[in-house]
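A structural walkthrough
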Amino acid sequence: RKEVEQDPGPFNVPEGATVAFNCTYSNSASQSFFWYRQDCRKEPKLLMSVYSSGNEDGRFTAQLNRASQYISLLIRDSKLSDSATYLCAASLMEYGNKLVFGAGTILRVKS
Amino acid sequence: DAGVIQSPRHEVTEMGQEVTLRCKPISGHNSLFWYRQTMMRGLELLIYFNNNVPIDDSGMPEDRFSAKMPNASFSTLKIQPSEPRDSAVYFCASRTGNTEAFFGQGTRLTVV
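Rules used in this analysis
- Residues numbered from 1 in each chain as written.
- Chains lettered and ligands numbered in written order.
- Predicted model: local features only at pLDDT ≥ 70, side-chain atom pairs only at ≥ 80, totals over all residues.
- Heavy atoms only, no water.
- Helix = DSSP H or I, 4+ residues; strand = E, 2+ residues; numbered from the N terminus.
- Rg over C-alpha atoms; globule rule 2.2 N^0.38 Å.
- Buried < 20%, exposed > 50% of the residue type's maximum accessible area, 1.4 Å probe, protein only.
- Contact = heavy atoms within 4.5 Å.
- Areas by Shrake-Rupley, 256 points an atom, 1.4 Å probe, with all protein chains shown as cover.
- Lys, Arg positive; Asp, Glu negative; His and termini not counted.
- Charge placed at Lys NZ, Arg CZ, Asp CG, Glu CD.
- 1 Å grid on protein atoms, 1.4 Å probe; cavity = no way out; pocket = protein on both sides within 12 Å on 5 of 7 lines; lining within 4 Å.
- Points joined across faces, edges and corners; volume = space filled by probe spheres on them.
- Nonpolar A, V, L, I, M, F, W, Y, C, P; charged D, E, K, R; others polar.
- Buried area = accessible area lost by both parts, 1.4 Å probe.
- Salt bridge = Lys/Arg side-chain N within 4 Å of Asp/Glu carboxyl O.
- Polar contact = N/O pair within 3.5 Å; in protein donor to acceptor, adjacent residues only side chain to side chain.
- Disulfide = S-S within 2.5 Å.

1. Quick look at the overall build of chain B
Within chain B, the regular secondary structure consists of zero helices and eleven strands. Each helix (α) and strand (β) of chain B, taken in turn from the N terminus, gives the series β-β-β-β-β-β-β-β-β-β-β. Compactness check: chain B gives a C-alpha radius of gyration of 13 Å against a globular reference of 13 Å for 112 residues, within 12% of the reference. A principal-axis box enclosing the C-alpha atoms of chain B has dimensions of 35 × 25 × 25 Å. In chain B, which comprises 112 residues, the share counted as buried stands at 49%. Restricting to contacts in chain B with at least 6 residues of sequence separation, those with at least 24 account for 52%. Split by element, the accessible area of chain B, about 5,400 Å² in all, is 51% carbon and sulfur. Side-chain charges in chain B split into 11 positive and 12 negative, and the spacing between the mean points of these groups amounts to 3 Å.

Encoded structure:
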């Protein structure tokens, strides 16, 4: 079983839609979580960290559910510019801060 | 800060040749990661270092792959001999503690 798993998609949504991605992690000792955005032929870049209490940044909301071992990303009022691949990541301090990523979820926002 | 710097950006080589990828992490970061990205397998962690010491190389696919970090500002990933199935984008990333990781622009490797 992969340490971090995501639905690869693609998610095809119209502009203005709300879309949600989930990501599950296998190691309950995971301590830090992140969402990254990757544009075509570019490197992944941090979108937002995920805090235990949940956090919001504009149209983006991230949540953590430790009991069920998943994190989520909600994008409201989707823009064409949101089209990208979204990768979730989990960090394990007990493994020397090992940082593992899911394979990514493709989002396509269409006009 | 210039960010994580990788070289070369693109590499085309013939099967059987040795390939060396280079990475300069962000100054002050104490962890360095090497990842490989393909359409089929996504972003795979190959190896990572803390304070220049390799912590986990279980993601290295075969003995043909090796990585070193001789000092805090430089790391290499070597493939010898290279094979067509090694074709992928190789990313280096660095961070401090348990914070976010910053990626280099990647090396796009093609083995023909």
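2. Looking at the layout of surface pockets
In this structure, the largest pocket spans a volume of roughly 690 Å³. Contributing to the lining of the largest pocket are 26 residues, with Gln38 and Thr85 of chain A together with Gln37, Thr38 and Met39 of chain B lying nearest its centre. If you list the elements that add at least two residues to the lining of the largest pocket, you get strand S9 (84-92) of chain A together with strand S4 (31-38), strand S9 (88-95) and strand S11 (107-111) of chain B. Taken together, the residues that form the lining of the largest pocket break down as nine nonpolar, eleven polar and six charged. What the second largest pocket holds in volume is close to 530 Å³. Taken together, 27 residues line the second largest pocket, and the ones lying closest to its centre are Arg41, Leu43, Glu44, Leu45 and Gly59 of chain B. At the level of elements, strand S10 (98-101) of chain A together with S4 and strand S5 (42-50) of chain B are the ones that each hand at least two residues to the lining of the second largest pocket. In terms of residue count, the dominant contributor to the lining of the second largest pocket is S5 of chain B (six residues).

3. So, the interface of chain B and chain A
Counting residues at the interface gives 22 residues for chain B, matched by 22 residues for chain A. Broken down residue by residue, the surface that chain B buries against chain A is led by Leu43, Asn98 and Phe103 of chain B, which jointly contribute 29%. Summed over the shared surface of chain B and chain A, the number is one salt bridge. Where chain B packs against chain A, one counts eight residue pairs in polar contact (both at pLDDT 80 or more). Counting residues per element, the ones that place at least two in the side of chain B that touches chain A are S4, S5, strand S6 (53-56) and S9 of chain B. With five residues, the top contributor of residues to the side of chain B that touches chain A is S5 of chain B. Class assignment for the residues of the side of chain B that touches chain A results in nine nonpolar, eight polar and five charged.

4. Focus on the state of the cysteines
As enumerated under the stated definition, the model contains two disulfides over all chains in all. In this model, Cys23 of chain A is linked to Cys88 of chain A through a disulfide, with the two sulfur atoms separated by 1.8 Å. Taking the sign of the S-S torsion, 70° for the link of Cys23 of chain A and Cys88 of chain A, the bridge is right-handed. One end of the pair, Cys23 of chain A, is in strand S3 (residues 19-25); the other, Cys88 of chain A, is in strand S9, and 65 residues separate them in sequence. Each of the two residues, Cys23 of chain A as well as Cys88 of chain A, counts as buried. Shown here is the disulfide that connects Cys23 of chain B with Cys92 of chain B, its sulfur atoms set 1.9 Å apart. A torsion of -65° about the S-S bond marks the disulfide between Cys23 of chain B and Cys92 of chain B as left-handed. Of this pair, Cys23 of chain B sits in strand S3 (residues 19-24) while Cys92 of chain B is found in strand S9, placing the two residues 69 residues apart along the sequence.

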